[in-house]
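If you want the building blocks of each chain, they are given just below.
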Amino acid sequence: MRNIEHFINGASFAGASSRQPVFNPATGEIVADVAMGGEAELQAAVDAARAAQPQWAATNPQRRARVLMKFVDLVNANMKPLAELMSLEHGKTVADSMGDIQRGIDVAEFAIGIPHLGKGEFTTGAGPSIDMYSMHQPIGIGAGISPFNFPAMIPLWMSMPAIACGNAFIMKPSERDPSVPVRLAELLLEAGLPKGVFNVLHGGKEAVDAILAHPAIGAVSFVGSTPIAAHVYAEAARQGKRVQAFGGAKNHAIVMPDADMNMVADGLIGAAYGSAGERCMAISVAVPVGEGTAERMMKVLKPRVEALKVGPYTDSSVDFGPVVTAAAQAKIKSLVDSGVTEGAELVVDGREFRLQGYEKGFYVGACLFDHVTPRMEIYKQEIFGPVLSVVRAANADAALELVNNHEYGNGVCIFTRDGDVARNFSRQVQIGMVGINIPIPTPLAYYGFGGWKRSVFGDLNQHGPDSIRFWTRTKTVTERWPSSVLPGAEFSMPVFSGTK
Ligand code: NAD
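Not measured: the values here are computed from a predicted model. (Residues numbered from 1 in each chain as written. Predicted model: local features only at pLDDT ≥ 70, side-chain atom pairs only at ≥ 80, totals over all residues. Heavy atoms only, no water.)

(A) Looking closely at the packing of aromatic side chains. In the structure shown here, the tally under the stated rule is 11 aromatic pairs. Taking the centre distance of 6.0 Å and the plane angle of 65 degrees together, the rings of phenylalanine 23 and phenylalanine 362 count as edge-to-face. In this pair, phenylalanine 23 is assigned in strand 4 (residues 19-24) and phenylalanine 362 in the loop between strand 15 (345-348) and strand 16 (367-370), connecting sequence segments 339 residues apart. Residue class for phenylalanine 23 comes out partly exposed when judged on its relative accessible area of 29%. Ring geometry for tyrosine 233 and phenylalanine 457: centres 6.2 Å apart, planes at 40 degrees, overall tilted. One end of the pair, tyrosine 233, is in helix 9 (residues 226-238); the other, phenylalanine 457, is in strand 22 (residues 456-457), and 224 residues separate them in sequence. A relative accessible area of 13% means that phenylalanine 457 is categorised as buried. Among the aromatic residues, those joined into a cluster by ring pairs are Phe169, Phe198, Phe470 and Trp471. (Phe/Tyr/Trp six-rings, centres within 6.5 Å; stacked < 30°, edge-to-face > 60°. Helix = DSSP H or I, 4+ residues; strand = E, 2+ residues; numbered from the N terminus. Buried < 20%, exposed > 50% of the residue type's maximum accessible area, 1.4 Å probe, protein only.)

(B) The arrangement of the domain arrangement of the chain in detail. Annotation of the chain at the domain level lists domain 1 (2-247 + 456-476) and domain 2 (251-436). The distance between the C-alpha centroids of domain 1 and domain 2 comes to 31 Å. Counting residues at the interface gives 21 residues for domain 1 and 22 residues for domain 2. When domain 1 packs against domain 2, the two sides together hide about 1,700 Å² of surface, and 64% of this comes from carbon and sulfur. Between domain 1 and domain 2 we count one salt bridge in total. (Domains from an automatic or database assignment. Contact = heavy atoms within 4.5 Å. Buried area = accessible area lost by both parts, 1.4 Å probe. Salt bridge = Lys/Arg side-chain N within 4 Å of Asp/Glu carboxyl O.)

(C) Spatial organisation of the site of the ligand. The immediate surroundings of the ligand are formed by 30 residues, with Ser146, Lys172, Glu175, Ser225 and Glu382 found nearest. Measuring from an oxygen atom of the ligand, one finds a backbone N or O atom of serine 146 at 2.7 Å. Serine 225 has a polar side-chain atom sitting 2.6 Å from an oxygen atom of the ligand. Relative to its free-state accessible area of 850 Å², the ligand is covered by the protein chains to the extent of 89%. Residue assignment for the shell around the ligand shows that the elements contributing at least two residues are helix 8 (205-213) and strand 11 (219-223). The residue makeup of the shell around the ligand, split by class, is 14 nonpolar, 11 polar and five charged. (Near = heavy atom within 4 Å. Polar contact = N/O pair within 3.5 Å; in protein donor to acceptor, adjacent residues only side chain to side chain. Areas by Shrake-Rupley, 256 points an atom, 1.4 Å probe, with all protein chains shown as cover. Nonpolar A, V, L, I, M, F, W, Y, C, P; charged D, E, K, R; others polar.)

(D) Structural context of the sheet that holds strand 4. Sheet architecture is open: three strands sit in the order 1-5-4, paired in mixed fashion. Either end of the sheet is taken by a strand with one partner, and the two such strands are strand 1 (2-4) and strand 4. Across the sheet, the mean angle from the axis of one strand to that of its neighbour is 35 degrees, orientation sign disregarded. Taken together, the three bridges between strand 1 and strand 5 (residues 29-35) define a ladder with parallel strand orientation. Along strand 5, the bridge assignment pairs isoleucine 4 with valine 34. (Pairing = 2+ DSSP bridges. Axes fitted to C-alpha atoms, helices over the stretch in contact; angles between N-to-C directions.)

(E) Local environment of the nonpolar core. Judged by nonpolar contacts, the single largest core of 69 residues is most densely connected at Phe71, Ile101, Met160, Ile163 and Phe198. The biggest single contributor to this core is helix 6 (residues 153-164), with nine residues. Of the domains in this structure, domain 1 (2-247 + 456-476) and domain 2 (251-436) are the two that each give at least three residues to this core. If sequence neighbours within four positions are ignored, phenylalanine 71 has contacts with Leu156, Met160, Leu184, Leu187, Leu188 and Ala191. Membership of the second largest hydrophobic core comes to 66 residues, among which are Leu368, Phe369, Met376 and Val391. (Core = buried A, V, L, I, M, F, W, Y, C linked by side-chain atoms within 4.5 Å.)

(F) Structural view of the packing of helix 4 (residues 94-111) against helix 6. The geometry of helix 4 relative to helix 6 is characterised by a closest axis approach of 8 Å and an angle of 10 degrees between their N-to-C directions. As far as their axial angle goes, helix 6 and helix 4 are roughly parallel. Taken together, the residues of helix 6 that come into contact with helix 4 (itself represented by Asp100, Arg103, Gly104, Ile105, Val107, Ala108 and Ala111) are Met153, Leu156, Trp157, Met160, Pro161 and Ala164. (Parallel < 35°, antiparallel > 145°, perpendicular 65-115°, else oblique.)

(G) Representation of the confidence of the model for the chain within the structure. For the chain, mean pLDDT is 96; residues scoring 70 or higher make up 98% of the total. Across the chain, the element-wise mean pLDDT spans from 94 in strand 6 (residues 122-127) up to 99 in strand 9 (residues 168-172). (pLDDT = per-residue confidence, 0-100.)

(H) Structural context of a nonpolar patch on the surface. Where nonpolar side chains cluster on the molecular surface, the patch consists of Leu444, Tyr446 and Tyr447 and spans about 360 Å² of accessible area. By the element assignment, tyrosine 446 lies in the loop between strand 20 (433-436) and strand 21 (452-453). (Patch = residues over 30% accessible without salt bridge, like charges linked within 9 Å, V, L, I, M, F, W, Y side chains within 5 Å.)

(I) Geometry of unusual backbone geometry. A positive phi angle, close to 60 degrees, is found at asparagine 437, a residue other than glycine. Position of asparagine 437 among the secondary structure elements: in the loop between strand 20 and strand 21. Phi is positive for histidine 463, close to 40 degrees, though the residue is something other than glycine. The residue histidine 463 is located in the loop between strand 22 and helix 16 (465-470) in this model.

(J) Examining the pattern of salt bridges more closely. In total, this model carries 22 salt bridges according to the counting rule given. For glutamate 89, the salt bridge identified is with arginine 2, shortest N-O distance 3.0 Å. Of the two residues, glutamate 89 is situated in helix 3 (residues 79-90) and arginine 2 in strand 1; the sequence distance between them amounts to 87 residues. In the salt-bridge network here, residues are joined through shared partners; they are Glu291, Glu295, Asp370 and Arg392.

(K) Molecular detail of the sheet that holds strand 15. Spatial ordering of the open sheet is given by 15-16-17-14-13-19-20, a layout of seven strands whose pairing is mixed. The strands lining the two open edges of the sheet, one partner per strand, are strand 15 and strand 20. Neighbouring strand axes in the sheet, compared pairwise and without regard to direction, differ in orientation by 20 degrees on average. Here strand 19 (residues 411-415) pairs with strand 20 via four bridges, running parallel. Bridge pairing links valine 412 to valine 434 in strand 20. Running at roughly 175 degrees to strand 13 (residues 251-255), helix 14 (residues 396-405) makes contact with strand 13, strand 14 (283-288) and strand 19 of the sheet.

(L) Examining the packing of helix 3 against helix 7 (residues 179-190) more closely. In the contact formed by helix 3 and helix 7, the axes pass within 9 Å of each other and the chain directions differ by 155 degrees. Taken together, the axis directions place helix 3 and helix 7 in an arrangement best described as roughly antiparallel. For the pair formed by helix 3 and helix 7, the contact residues are Leu82, Leu85, Met86 and Glu89 on the first element and Ser179, Val180, Arg183, Leu184 and Leu187 on the second. Of the residues in the contact of helix 3 with helix 7, the class split is six nonpolar, one polar and two charged.

This is the structure in structure tokens:
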């Protein structure tokens with residue numbers, strides 16, 4: 001069996017901590033075991049980061065960018081084996097894993113712009129013989145804590161801008177699919193990143209607690225479920241760290257009466273069931289406006305859901321794979337049970353899905369609920385599985401109110417042909433990322449990614465210009481040189497001297 005070790009100071013590092021099994025969700029078999037780090041292993045990573053960071057920060061931004069360019073080439077050259085390794089531990093299809101890696105590379109490409117992105121501002125003659133300028137200096141050591149569902153994309157979203165800005169980085173990936181971040185660390189080294197600049201510390205709560213408590217770590221980026229995000233945010237802030245923490249989601253798709261139903265069905269099938277619904281931007285609630293719209297939508301949707309093909313990532317014809325663990329499988333099924341008990345109509349029931357030869361895999365077939373109401377647990381909770389709930393709304397105002405009243409605020413989509421309706425909706429909806437006839441409106445690398453409400457704690461988004469602000473501190477210098485200064489001391493505070 002494979003042992004997955006930490007990656008510290010440019011090399012594999014076993015540490016002395018306990019270990020945990022890693023599963024292949026398609027078969028339910030253990031395929032590896034992973035080191036579960038604690039304080040001692042974190043200290044080794046901090047020591048490596050601390051030693052490497054000053055030199056890396058002093059490397060000019062163009063040279064830092066060149067390392068990332070080489071890295072992008074190496075990831076592209078290794079795309080297929082990386083994707084297969086990801087699918088082995090995550091369960092999603094190889095095509096989905098490639099998409100995961102690609103969206104991560106997009107942010108590496110964005111970060112290559114650091115010579116431009118990292119520039120400060122300059123004002124000549126800000127006062128008599130006075131110039132003023134600002135600069136963005138790296139924080140020092142940053143840490144990332146990522147969820148299982150995007151094992152390449154999210155570590156890269158966190159680390160690429162951080163490294164480009166001249167920080168050293170400690171990545172704490174999910175313990176459920178930890179191999180890909182280690183491969184990325186090896187490829188960064190091969191691309192010329194000095195050892196110690198990017199380190200991988202494996203583990204769970206103990207490793208996270210150690211990160212939050214360590215005084216040398218200046219900034220923490222977290223992505224995961226809302227209760228842990230809230231905890232990480234509060235604890236990191238209490239420790240005086242800069243922190244951004246992204247949480248769970250319940251993303252709605254509003255279907256207006258004038259929507260193109262084939263476009264709606266295509267969109268919902270991909271967005272609700274792709275990657276077994278294990279995406280923070282997955283659509284988990286469809287809201288047809290008006291009974292006629294609901295009837296037309298269900299007529300098109302139901303056979304499409306029934307036809308979805310579920311299976312292992314090794315079969316390239318499947319639409320989606322298993323969910324990540326046996327615990328996730330049990331939780332999803334029990335939430336579906338609760339929906340039935342609470343009176344929703346389970347139109348497509350995937351709970352008993354079995355695949356010959358893969359009986360121990362963590363599969364859940366596609367489920368489709370109609371007549372879901374906001375008081376039901378299947379509506380309130382993030383299910384994070386292949387389950388779509390249909391909540392029928394009487395009119396567009398009721399649909400908007402429904403979305404705005406939900407505690408989560410990550411993504412939303414509206415299907416309509418009416419520009420006025422779409423424009424008003426996008427202005428009034430209390431959600432961070434809005435799609436108009438686009439079911440998964442994940443912003444591209446040069447915009448920021450982040451939700452509202454309890455989908456986020458903190459104020460700067462992932463990637464885009466916010467990421468450069470997040471991973472740097474601004475310093476402003478006000479300067480005057482002796483040759484331009486008239487003799488005589490000034491004792492008063494400079495004040496505004498009127499409009500002339
Ligand atoms: P999770 O919260 O279980 O784990 C996330 C990270 O926290 C992991 O690295 C894990 O090791 C660590 N962790 C787990 N328990 C901890 C504890 N008690 N204390 C400290 N750290 C702990 O999340 P997950 O199941 O891996 O991922 C799925 C969740 O992530 C979903 O809720 C999904 O919506 C969310 N997510 C959000 C975004 C976003 O950008 N908003 C993106 C992807 C995923």
